[in-house]
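# Structural description and commentary
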2 protein chains.
Amino acid sequence: MSAPVTISIDAMGGDHAPDMVVEGVRLAHVRLPHVRYLLFGDTRRIEPLLERYPELKGICQIRHTEESVSMEDKPSQVLRTGRRTSMWLAVDAVVKGEAAGVVSAGNTGALMAVSKFVLRMLPGIDRPAIAGLFPTERGETVMLDLGANVECGANNLVQFAVMGEVFARAVLGLEKPTIGILNVGAEELKGNDAVRGAANILRESQLPIRFHGFVEGNDICAGTVDVVVTDGFTGNIALKTAEGTVKFFSGFLRHAFGSSLLAKLGYLLARRALNKVKLRTDPRRYNGAMFLGLNGIAVKSHGGTDAFGFANAVGVAVDLVAHGYNDRIRRELEHLKPQEAAAAQRVAGNG
Amino acid sequence: MSAPVTISIDAMGGDHAPDMVVEGVRLAHVRLPHVRYLLFGDTRRIEPLLERYPELKGICQIRHTEESVSMEDKPSQVLRTGRRTSMWLAVDAVVKGEAAGVVSAGNTGALMAVSKFVLRMLPGIDRPAIAGLFPTERGETVMLDLGANVECGANNLVQFAVMGEVFARAVLGLEKPTIGILNVGAEELKGNDAVRGAANILRESQLPIRFHGFVEGNDICAGTVDVVVTDGFTGNIALKTAEGTVKFFSGFLRHAFGSSLLAKLGYLLARRALNKVKLRTDPRRYNGAMFLGLNGIAVKSHGGTDAFGFANAVGVAVDLVAHGYNDRIRRELEHLKPQEAAAAQRVAGNG
C-alpha cells in the first residue's frame, strides 16, 4: 500500500476540459487508488461530471473558482491578473502544502510562468526546463528542454544535464545514466558556442556524471544515451518532428492496410502484434511533460489530449512525488554547485 | 530526347567508394541515358569497376588523381592542401565548364568549403544552404538549411526562403509554393530574434512570396507548407530526428511481424501494400542534398548510402541542371535584391 498523495488539478485547462479532466482522473484512479485530488474550477461544471462516477466522490474535492486561463492568454497577462484562475490556484495548493504536485493541460507558457512565480526555482538552478520521455529501441530516454527556454547558454545546458541525470536515476531507476548533448555531429568542434561550452564543462568537471559527448537527432530514438540535453528551441522542434513523423508513418500504414482485400486480411491476422506497436508508440503514453528545476512538482499535459493521456500525466506527477525527485535534486545540487562552478571557472580560464 | 548533360563525380567520396559510386552511375544511366560522367579518382581502382559494365564505357571518362578527401579531414585543411583531391577536381570541372554539376558522397564540411571557394556564391546570397526533400502527407516538402550554417541571422533565413521558393517553382513545378519558418509555435511572438526578424521581413516585404508564417516540427511531415526554412542547427537535428523515428518505427514493425505465426502470415498477405510504404519512406529515395546559393550545381550524397541512393543524388543534380535552377535564381535575386533591402530597412526602422 502506498501512502496517500494529493495532486491538485487545473480542471479547466485543456481543449476538452473539464469533461476530459474528470474522465482522466477516473482512469488515473483505477491505476493509482491511493491518490486524492483537489479539482480547481467551476463547481457547476465539475460537480455534474463527478456525479457520474460515485467512486470519485470520496477522493475528489472541488475548489470553486469562476476564472480560468485560456490558450490565447499571454503569460505576462496571467501573471498580472490571473491569481484567481483555476491554474494559479492549483499551483498555489502545492506551495500551501495542500497538494504534493500539480497537473494542468492548459496554456504551457502561462503554466510555466505561474509555476516559476509561485513555486520559485530550486537553489542553484537559473531556469526551469521541460522534460519528456521518448520511446527508444532500448527503452526510454528523457529529453530536456522541450520548450521552456528558447535561448540557452552553456551553463543552462549543464544544469539541464544535472537535472536530467538525477531524474533518470530517481524516477527511471537507472544506476549510471549516460548523458548526451544534442548537436549536428559527434565531433568536438561541431555546433554552436552553447553546446561546445557545455560539453567542455561536463568533460572537464569532476561531476559524477557519465557524459557521453554529443549525440545527433537519430540518436534520440536509437536510445544512444539515457538523457538528451538541448535548448528549448531545438528540443521542441525535435519532439514535434518525431511526433509528426510517427503520425505520417502510421497514416501511411493505415492507408496501405486498407488498399486491397489481401492487405485487409493481412492486417486482421497481424492485428494483435500491430496493436503492440501502436501501444508502444502511442503519444498519449508519453503525455506529461515535467517542469524540472522548480521548488515543487508541476506536470503539463498536452492540451489536446484525451482522458487516457491526462491520466498518464497524473501518473507522471505521482511518480515524481513518490521518488522524491525534488528532494534528491536539491541534495545533489548542494553538492554539485561548488564543483560545477570550479569546472566552469577552469573552462573559462582555458578558453 | 533530352540534350546531353555531363555530371562530374567525386568517385572516391563515400563509405563504399569507388565501388558504390560506379554501381550508382550504372543505375543512374538506366534512368537517365542522356547523361555523361567525368569520374575523378584513382584509375587503378575505377577502371576495373567500369570493365564490368560495357554500357558505361562510352559515357564515362576517368580523370586520374592519387589524392582524395577522407571523412576525418577538416574543411580548413582541405582548402589549404586539397587542390589535387578527387573532390576538388570534380568541383573544379563545373567552373571550367566541363560539367554542368558535381555529385560527391564525401565529407560534407569539406565539400561545402571547397564548393564555396571554387564555385563562389551567387550575387545577393551571403551563405549557401543545404536543401533536401521530405516525403509528406501531401507530396514533398523542401527544407533548408540542413546543416551548412549552425548560426543564422534573419537575413540569412530570408535568403533561404527566396532560394527555397525558386527551387519549389523551378524543380518541383509548383506555381505558388507556400513558405513557412520553423519555430516553436505558430504565434507571432514565439521564437528567437532570427526567426521573428525573418518573419517580419517576409511579412512586410513586397516579395512575390506566399509566406504562410511560422510552422512547427509536426508540420514538416504534414506538408503544411511547400518550403520549410530554418537554420542549419535545427534543420540538421529535425532531419536526423525524422530519419531516426522512421528507423525506430520500421524496426518495431518488423519485430511485430516476426513475433507470431499469425503475424508472419499477415505480413505475407499485406506485403505488396507494405512495400509501397517502405518505398515511399525509403531514405535512399530522398538522398541528395542540394547546395543552394552557389554559382554552380553541387549535390551531396549521404556518405553511407548504397548505389540506389547515389543514383538518386545524381538524379537530383540532373534535375537542377535541367530546370536551370541557378539561372532562375540568379534572375530572381536581381529583381528581389532592392525590394528585400527596402523591406529590411522598413522593418529595422519599425523595430
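Residues numbered from 1 in each chain as written. Chains lettered and ligands numbered in written order. Predicted model: local features only at pLDDT ≥ 70, side-chain atom pairs only at ≥ 80, totals over all residues. Heavy atoms only, no water.

Per an unreviewed UniProt entry, chain A goes by Phosphate acyltransferase and derives from Magnetospirillum aberrantis SpK. Per its UniProt entry, chain A bears the Pathway (unreviewed entry) comment "Lipid metabolism; phospholipid metabolism." According to UniProt, the comment filed for chain A under the heading Sequence similarities (unreviewed entry) is "Belongs to the PlsX family." (UniProt positions renumbered as here; feature names shortened; annotations may be inferred.)

## Some details on the overall build of chain A
For chain A, the helix and strand inventory stands at 13 helices and 11 strands. Relative to the compact-globule value of 20 Å for 351 residues, chain A shows a C-alpha radius of gyration of 21 Å, a close match. The C-alpha extent of chain A, read off along each of the three principal axes, is 65 × 60 × 40 Å. Burial statistics for chain A: of 351 residues in total, 57% are counted as buried. When contacts within chain A are restricted to residue pairs at least 6 apart in sequence, those whose partners lie at least 24 apart make up 71%. (Helix = DSSP H or I, 4+ residues; strand = E, 2+ residues; numbered from the N terminus. Rg over C-alpha atoms; globule rule 2.2 N^0.38 Å. Buried < 20%, exposed > 50% of the residue type's maximum accessible area, 1.4 Å probe, protein only. Contact = heavy atoms within 4.5 Å.)

## Points about the relation of the copies chain B and chain A
After a rotation of 180° and a shift along the axis of 0.0 Å, chain B superposes on chain A with an RMSD of 0.0 Å. The operation mapping one copy onto its partner corresponds to a two-fold rotation axis. For chain B, the smallest separation between a C-alpha atom and the rotation axis is recorded for Gly266 of chain B, amounting to 1.8 Å. Take the interface residues of chain B: 100% of them recur as interface residues in chain A, which is what a same-surface contact looks like. (Least-squares fit on C-alpha atoms with pLDDT ≥ 70 in both.)

## Re the side chain of Thr141 of chain B
Residue and element names in this part refer to chain B. Counting through the fold element by element, Thr141 comes out in strand S6 (residues 140-144). Among the residues examined, Thr141 registers a relative accessible area of 1% and is labelled buried. One polar contact links the side chain of Thr141 to the main-chain carbonyl oxygen of Val225, over a distance of 2.9 Å. Once residues within four sequence positions are removed from consideration, Thr141 is found in contact with Gly132, Leu133, Phe134, Thr136, Ile220, Gly223, Val225, Asp226, Val227 and Val228. (Polar contact = N/O pair within 3.5 Å; in protein donor to acceptor, adjacent residues only side chain to side chain.)

## Observations regarding the packing of helix H1 (residues 19-31) of chain B against helix H12 (residues 307-322) of chain B
All names here are of chain B. Taken N-terminus to C-terminus, the directions of H1 and H12 make an angle of 55°; their axes are 7 Å apart at the nearest point. Here H1 is positioned oblique relative to H12, judged by the angle of their axes. Our pair here, H1 against H12, has a crossing hand that is right-handed. Touching Met20, Val21, Glu23, Gly24, Leu27, Ala28 and Arg31 of H1 are Ala307, Phe308, Phe310, Ala311, Asn312, Val314 and Gly315, all from H12. The class makeup of the residues in the contact of H1 with H12 is nine nonpolar, three polar and two charged. (Axes fitted to C-alpha atoms, helices over the stretch in contact; angles between N-to-C directions. Parallel < 35°, antiparallel > 145°, perpendicular 65-115°, else oblique. Left-handed = near helix turned anticlockwise from the far one by under 90°. Nonpolar A, V, L, I, M, F, W, Y, C, P; charged D, E, K, R; others polar.)

## What about the packing of aromatic side chains?
Applying the stated criterion across every chain yields a total of nine aromatic pairs over all chains. One Lys or Arg, Arg120 of chain A, reaches over the ring of Phe117 of chain A and ends 6.0 Å from the middle of that ring. (Phe/Tyr/Trp six-rings, centres within 6.5 Å; stacked < 30°, edge-to-face > 60°. Lys NZ or Arg CZ within 6 Å of the ring centre and 35° of its normal.)

## Describing the nonpolar core
All names here are of chain B. In terms of nonpolar packing, the biggest core is built from 109 residues, with Ile9, Tyr37 and Tyr325 touching the most fellow members. Looking at which element gives the most residues to this core, the answer is helix H7 (residues 154-170), with 11 residues. Among the domains, domain 1 (1-119) and domain 2 (121-292 + 324-351) are the pair contributing at least three residues each to this core. Here Ile9 is in contact with Val21, Val25, Tyr37, Leu38, Leu39, Phe40, Ala90, Val103, Phe310 and Val314, once residues within four sequence places are set aside. (Core = buried A, V, L, I, M, F, W, Y, C linked by side-chain atoms within 4.5 Å. Domains from an automatic or database assignment.)

## As for the pattern of salt bridges
Scanning the model with the defined rule gives 28 salt bridges over all chains in all. Between Glu98 of chain B and Arg63 of chain B there is a salt bridge whose closest N-O contact spans 3.2 Å. Of this pair, Glu98 of chain B sits in the loop between helix H5 (86-95) and strand S4 (101-104) while Arg63 of chain B sits in strand S3 (residues 60-64), and the two are 35 residues apart along the sequence. Classification of Arg63 of chain B by relative accessible area gives partly exposed; the value is 24%. Linking Arg169 of chain B and Glu332 of chain B is a salt bridge whose minimum nitrogen-to-oxygen distance equals 3.1 Å. Of this pair, Arg169 of chain B sits in helix H7 while Glu332 of chain B sits in helix H13 (residues 325-350), and the two are 163 residues apart along the sequence. Counted as one network, the salt bridges with shared partners bring together Asp42, Arg44 and Glu66 of chain A. (Salt bridge = Lys/Arg side-chain N within 4 Å of Asp/Glu carboxyl O.)

## A few points about the interface of chain B and chain A
Listed per partner, the contact involves 52 residues of chain B and 52 residues of chain A. Counting each side, the surface lost to burial between chain B and chain A is near 4,600 Å², with a carbon and sulfur contribution of 78%. Looking only at chain B, the three residues that lose the most surface to chain A are Phe233, Phe248 and Phe249 of chain B, adding up to 15% of its buried area. Linking chain B with chain A are two salt bridges, by the criterion used here. Ionic pairing is found between Glu216 of chain A and Lys240 of chain B, a salt bridge with its closest N-O pair at 2.3 Å. Scanning the region where chain B abuts chain A turns up four residue pairs in polar contact (both at pLDDT 80 or more). Elements represented by at least two residues in the side of chain B that touches chain A include exactly helix H9 (217-222), helix H10 (232-257) and helix H11 (261-281) of chain B. Element by element, the count of residues in the side of chain B that touches chain A is highest for H10 of chain B, at 20 residues. (Buried area = accessible area lost by both parts, 1.4 Å probe.)

## Focus on the sheet that holds strand S10 (residues 289-292) of chain B
All names here are of chain B. The sheet built from 11 strands is open, its strands ordered S3-S2-S1-S4-S11-S10-S5-S6-S9-S7-S8 with mixed pairing. Pairing within the sheet leaves two strands with one partner each, and these edge strands are S3 and strand S8 (210-215). Across the sheet, the mean angle from the axis of one strand to that of its neighbour is 25°, orientation sign disregarded. The pairing of strand S5 (residues 129-135) with S10 spans three bridges and is classified as antiparallel. (Pairing = 2+ DSSP bridges.)

## Let's talk about unusual backbone geometry
Residue and element names in this part refer to chain A. The peptide bond linking Leu144 to Asp145 adopts the cis configuration, its omega dihedral lying at 5°. With a phi close to 70°, Arg120 is a non-glycine residue in the positive phi region. Along the chain, the position of Arg120 falls in the loop between helix H6 (108-119) and strand S5 (129-135). For Arg120, a relative accessible area of 53% gives the class exposed.

## Some thoughts on the environment of Ala93 of chain A
Residue and element names in this part refer to chain A. Following the sequence through the fold, Ala93 ends up in helix H5 (residues 86-95). Residues Ala93 and Val22, 71 residues apart in the sequence, show an inter-C-alpha distance of 18 Å. Excluding its chain neighbours within four sequence positions, the residues that come into contact with Ala93 are Ser8, Leu38, Phe40, Glu98 and Ala99.

## Here we look at the pairing of S8 of chain B
The pairing of strand S7 (residues 178-182) of chain B with S8 of chain B spans five bridges and is classified as parallel. Counterpart to Thr178 of chain B in the pairing with S8 of chain B is Arg210 of chain B.

## Section: the side chain of Asp42 of chain A
Examined against the element boundaries, Asp42 of chain A turns out to sit in the loop between strand S2 (35-41) and helix H2 (43-51). A distance of 3.0 Å separates a polar side-chain atom of Asp42 of chain A from the backbone nitrogen of Arg44 of chain A.

## With respect to helix H7 (residues 154-170) of chain A
Taking 1.5 Å of rise per residue, 17 residues should cover 24 Å, and H7 of chain A covers 24 Å from first to last C-alpha, within 8% of that figure. Of all 17 residues in H7 of chain A, 15 are buried; the element is thus mostly enclosed. (Expected span 1.5 Å × (residues − 1).)

## Digging into the sheet that holds strand S7 (residues 178-182) of chain A
All names here are of chain A. Here we have 11 strands laid out as an open sheet, ordered S3-S2-S1-S4-S11-S10-S5-S6-S9-S7-S8, and mixed in their pairing. Among the strands making up the open sheet, the edge pair consists of strand S3 (60-64) and strand S8 (210-215). Adjacent strand axes in the sheet meet at a mean angle of 25°, parallel and antiparallel pairs treated alike. In the sheet, strand S1 (residues 5-10) pairs with strand S4 (residues 101-104) via four bridges, with the strands oriented parallel. Its bridge partner lying in S4, Ile9 is registered against Val103. Its contacts with the sheet place helix H1 (residues 19-31) against S1, S2 and S3, and it is angled at close to 175° to S2. Sheet strands in contact with H7 are S5, strand S6 (140-144), S7, strand S9 (227-229) and strand S10 (289-292), and its direction is about 165° off that of S9.

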